[in-house]
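# Breakdown of the fold
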Amino acid sequence: QVQLVESGGGLVQSGGSLRLSCAASAFIFSSYAMSWYRQVPGKERELVAGITSTGSSTNYADSVKGRFTISRDNAKNTVYLQMNSLKPEDTAVYYCNAARRYESGQFDDYWGQGTQVTVSS
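A few points on the structure. (Residues numbered from 1 in each chain as written. Predicted model: local features only at pLDDT ≥ 70, side-chain atom pairs only at ≥ 80, totals over all residues. Heavy atoms only, no water.)

### A closer look at the pairing of strand β5 (residues 46-51)
The test is simple: For two strands to pair, DSSP has to find at least two bridges joining them. Only runs of H or I of at least four residues qualify as helices and only runs of E of at least two qualify as strands under DSSP, and these elements are numbered from the N terminus.
Judged from the five bridges that link them, strand β4 (residues 33-39) and β5 form a sheet pairing that is antiparallel. Paired with W36 across the two strands is A49, which belongs to β5. Here β4 folds back onto β5 in antiparallel fashion, the turn holding six residues, of which G42 has a positive phi close to 85°. Where β5 meets strand β6 (residues 58-60), three bridges bridge the pair, whose relative direction is antiparallel. Bridge pairing links G50 to N59 in β6. In sequence, β5 turns back onto β6 through a hairpin of six residues, with G55 there showing a positive phi of about 85°.

Shown next as structure tokens:
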């Protein structure tokens, strides 16, 4: 049974830092691109950061560039999101996503249950 389990969320003051982790199991983690998304009530889920299967390339939403860093450890089947200089507008539920598109066109997509991040002003 595929699992993505996020941890590391919590309450932090503006300007503070948090490190989110997402532990994966029951699929070939090193073959999947990993991403972090976030969602606030009443808004669509938005991409925060992504990293390729090998970790060779990353991408970020403009709103978090220079403050957040995504990384992965394929030996530990874990992806991380280091969040620095947090702002109240970063408050959201953060979700981990694993995605892979096969040569056949098949697309696999898994989601974690989410972890709450709250930044107080």
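### Quick look at the state of the cysteines
Note the following rule: For the purposes of this analysis, a disulfide is any pair of cysteine sulfur atoms at a distance within 2.5 Å. Exposed residues in this analysis have more than 50% of their type's maximum accessible area, buried residues have under 20%, and partly exposed residues fall in between, with area computed by a 1.4 Å probe over protein chains only.
Per the counting criterion, the structure on display carries one disulfide. Across the disulfide from C22 sits C96; the S-S distance is 2.1 Å. Because the torsion about its S-S bond is -80°, the bridge between C22 and C96 counts as left-handed. One end of the pair, C22, is in strand β3 (residues 18-25); the other, C96, is in strand β9 (residues 92-101), with 74 residues separating them in the sequence. Given a relative accessible area of 0%, C96 falls into the buried group.

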